[in-house]
Every structure is written in structure tokens, then in C-alpha cells.
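# Chain and residue survey
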Amino acid sequence: MRLVFIGFGTVGQGLAELLLAGREKLAGRYGFDWTVTGIADTAKGSAYDPEGIDLARALALAAKGEPLAALDRGGKGWDGFAMARHAEADVLLEATYTDIKTGEPATSHIRAALERGVHVVTTNKGPLALHYRELAALATAHDALFLFEGTVMSGTPVLNLVRDTLAGAEVLEMQGILNGTTNYILTRMEEGLSYEDALAKAQELGYAEAVPDADVLGWDALAKVTILANVVFGAALKPSDSACEGITKITSADIARAKAEGKRYKLIGRVWREGGKVRAAVAPRLVDLAQPLAGVMGATNAVAITTDALGEVTVVGPGAGRAQTGFAMLTDLLTIVRRRS
């Protein structure tokens, strides 16, 4: 299987490490062998070689901050879009930075690959939240697979769980903790830190960006509930269609008051059916300590899936991380292997 990486930052490198470490196991257990023909990254440059790039050396160059051009034997000088359009590939691995307002440049990368029948695996929330129906139809029209497990809860299976394991059950509602940064901040506030100090600690640990708006204002969780609404519930929502409130207004006094009442605040993303329509929302909610979601602390994510056949199924696991999100891409690659065979 010929692979092309577009985006070779934390997630792309996490997948590369998993591919190298598990090469023999993946080939022996799943019949999955691979070669990387191209890598394009806005910061690290690009390399193309239809005969195969040395992935271990690419990781070493990235670790040193050296350009990937040293691996280029194709002489093309392609950027991400040109790589998606022209590289010899069976699967495009799209892991560029998420832009929830435009979905670019990831949407253009994905569209270019699908138009020529190349399968796509992505962790980028923007294209899914803004253009899911178009891209899914494009994949079907060109007999390509479009997979994106890592867009909602990193390597913790949610979309694959609903599609495969819960096939035959109707999902009535999904609600959960879909942003680890805000869950970490609320956890530390309950331990006595102020919002400002908890945010600073989250930034120090790498959970929050220097400009943390996507997390603390709820935009990241909003993108994820939009994906769930469209993929699982068959809706056609945009992020702007749903109410969204973050955690910036929650004070230490609010946290203490909730604790005294046997409750705690969680930023909850929710998707549900109401009067024949699919609704989605993100907001801080008081959760009773007896409920499963209340016990999910730190940077961990969780989602409770209410079904007609099984009642409520709750999945808890990591919602971010280099290896974890790389693992989500690996599971999608193995789905492609199984379906091709």
C-alpha cells in the first residue's frame, strides 16, 4: 500500500512511529505492508520518491528540525495540494492543522485525492464539520474510502464503534466530554486552582495552545458534535447551526457550590433528535456525581451513546496525544486493508 503524508507534525509522526514499530506484526497479522511515496509539510518541506522514502530517516530529520528535501528523489518540489493531486499513492494521510472556519487547506487536499480514487484517512476536523456530505459523496462516486476516526476522540473508538459494533442499533443520543483541555482545567479548578492558574498549567503541559480559544470557548467540541451529527445521525449541520458556550465564565465559587451539591461541572457536547430534527449543542453542565461522565477527570474524554437496543453505552479513553491520534489513523488504514481484501 503506497502512502502519502500531508502534514508531518505530531500526529503524522505518531503514525509513522507506529508503522515502523509494528511493521512485522502488521504484515503477519493483517497482511498490511506499506511504502511511503511522499511527505509534504508546510514547516518541514516535502519529499517525493515513487520507489519509497526512508520513513525512519524522515522522522530523524523532523526531530532535528532539518528539511525533508534531503529525502527527495522525485525532483518535483510539490506542496501538499500538488502531492495530493499527482503523487503515486493508494492512501492519502491528511493530518494538517485544523481550520474550523474554512476547512482549508485540508478540504482541498482531500478533494484532490478522492477525485482520482485515492483513499483518504484524516484527523482534520474542519473538512468533516463543514463539508462531510460533499466529501462522502465524492468518495462514493470514485470508489474510494474516506475514514476519519481520529477526528472525534483521537484513538478512542467512537465512529468505528457506532459503524461496526453497534450496527443494527439506532443511536438516539450522544453526549460526552469531547475536549480534554477543558476537562483538565475544570478538574484542577475543583482541586483549588483558579481558572487562570489551571489554564496556565494546561498550557505548560501542552494541553492548551498559547491562544486557547478553540478549547476554552468550546469551538473544538462544537466541531466534534457537528461531525457526530452529520456522520452518525445523517444531519447536514454546520458548526454555526448549533449553540456553543465554553468554560470561561465558570468561577471557583461556581465549582465550590457545585461540589457542595454533590455535582461537578463538565463541558458537555450533545447530539440528539428532537421533533424529527437533529440538534447539537456544547455547554457547561452540572453533572451528578453518580453519573458515569462525572467520574471522568483530567484530560480524558468520554461519550455516552444512547441506543434503542442496548440502552446507554459509555466509552472512556484518551482524546488527544501523538501516539493516540496516530493510532486512530492506523485503525483506519487497517479498515482499508480489510475492505480491499
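This report concerns the structure included in the present document. (Residues numbered from 1 in each chain as written. Predicted model: local features only at pLDDT ≥ 70, side-chain atom pairs only at ≥ 80, totals over all residues. Heavy atoms only, no water.)

## As for the sheet that holds strand S9 (residues 263–274)
Across the sheet, which stays open at both edges, the six strands sit in the order S8-S10-S9-S7-S11-S12 with mixed pairing between neighbours. Sheet topology places strand S8 (243–244) and strand S12 (311–318) at the edges, where each strand pairs with a single neighbour. Pairing of S9 with strand S10 (residues 277–288) involves 12 bridges; the strand directions are antiparallel. Looking across to S10, one finds that Lys-263 is bridged to Asp-288. (Pairing = 2+ DSSP bridges. Helix = DSSP H or I, 4+ residues; strand = E, 2+ residues; numbered from the N terminus.)

## Considering the environment of Thr-251
Turning to its location among the elements, Thr-251 is positioned in the loop between S8 and helix H13 (252–260). When its relative accessible area of 36% is taken as the criterion, Thr-251 is described as partly exposed. On a C-alpha basis, the gap between Thr-251 and Ala-214 in space is 19 Å, while along the polypeptide they are 37 residues apart. (Buried < 20%, exposed > 50% of the residue type's maximum accessible area, 1.4 Å probe, protein only.)

## Here's the deal with the pairing of S9
In this structure, strand S7 (residues 171–177) lies alongside S9, joined through four bridges in antiparallel fashion. Looking across to S9, one finds that Glu-173 is bridged to Trp-272. Adjacent in sequence and paired antiparallel, S9 and S10 are bridged by two residues, among which Gly-275 carries a positive phi angle near 60°.

## Observations regarding the packing of aromatic side chains
Across all of its chains, the model carries five aromatic pairs by this definition. Judged by centre distance (4.7 Å) and plane angle (45°), the rings of Tyr-48 and Trp-78 are tilted. Taken together, the residues span a long stretch of sequence, with Tyr-48 in strand S3 (residues 45–48) and Trp-78 in the loop between helix H3 (55–64) and helix H4 (80–86) at a distance of 30 residues. Each member of the pair, Tyr-48 as well as Trp-78, carries the same accessibility label: buried. On the numbers, 5.0 Å between centres and 65° between planes, the contact of Tyr-184 with Tyr-207 is edge-to-face. Pair noted here: Tyr-184 is in helix H9 (residues 180–190) and Tyr-207 is in the loop between helix H10 (195–204) and helix H11 (213–216), with a separation of 23 residues, a long-range link. Put simply, the rings of Tyr-132, Phe-146 and Phe-148 pair up and form one aromatic cluster. Sitting above the plane of the Trp-34 ring, Arg-23 keeps its charged end 3.8 Å from the centroid. (Phe/Tyr/Trp six-rings, centres within 6.5 Å; stacked < 30°, edge-to-face > 60°. Lys NZ or Arg CZ within 6 Å of the ring centre and 35° of its normal.)

## Looking at the pairing of S10
When S8 meets S10, the two strands line up parallel, connected through two bridges. The residue of S10 that forms the bridge with Ala-243 is Ala-281.

## With respect to the nonpolar core
Counting 71 residues, the largest nonpolar core has Phe-146, Met-174, Ile-185 and Leu-228 as the members making the most contacts within it. Apart from residues no more than four positions distant in its own chain, Phe-146 is found in contact with Ile-110, Val-120, Thr-122, Leu-128, Tyr-132, Leu-135, Ala-136 and Ala-139. Within the second largest apolar cluster, 34 residues are counted, among which are Met-1, Leu-3, Phe-5 and Leu-334. (Core = buried A, V, L, I, M, F, W, Y, C linked by side-chain atoms within 4.5 Å. Contact = heavy atoms within 4.5 Å.)

## Focus: H9
For H9, the buried fraction is high: 10 of the 11 residues fall into the buried class. Its buried side turned inward, H9 meets S7, H10, H11, H13, S9 and strand S11 (300–307). Of the residues that open H9, the one with a side-chain oxygen 3.2 Å from the backbone nitrogen of Thr-181 is Asn-179. Of the residues trailing H9, Gly-192 is marked for its positive phi of about 120°. (Polar contact = N/O pair within 3.5 Å; in protein donor to acceptor, adjacent residues only side chain to side chain.)

## A few points about the layout of surface pockets
Approximately 360 Å³ is the volume attributed to the second largest pocket. Forming the boundary of the second largest pocket are 20 residues, of which Tyr-132, Phe-146, Phe-148, Arg-163 and Val-231 lie nearest the centre. Counting residues per element, the ones that place at least two in the lining of the second largest pocket are helix H6 (125–141), strand S6 (146–147), helix H8 (159–165) and helix H14 (322–340). Class assignment of the residues belonging to the lining of the second largest pocket gives a composition of 14 nonpolar, two polar and four charged. (1 Å grid on protein atoms, 1.4 Å probe; cavity = no way out; pocket = protein on both sides within 12 Å on 5 of 7 lines; lining within 4 Å. Points joined across faces, edges and corners; volume = space filled by probe spheres on them. Nonpolar A, V, L, I, M, F, W, Y, C, P; charged D, E, K, R; others polar.)

## Let's talk about the side chain of Asn-124
Within the secondary structure, Asn-124 is located in the loop between strand S5 (119–122) and H6. Leaving out residues up to four positions away in the same chain, Asn-124 has contacts with Glu-94, Thr-96, Tyr-97, Thr-98, Asp-99, Ala-106 and Thr-151.

## Quick word on H13
Along H13, the residues classified as buried are Asp-254, Ile-255 and Ala-258. Here the buried residues of H13 occupy an arc of 100° about the axis, which is enough to place them on one side. Among the structural elements, H9, S9 and S10 are those in contact with the buried residues of H13. Remark: Gly-262 follows H13 within two positions and exhibits a positive phi of approximately 75°. (Arc of directions from axis to C-beta.)

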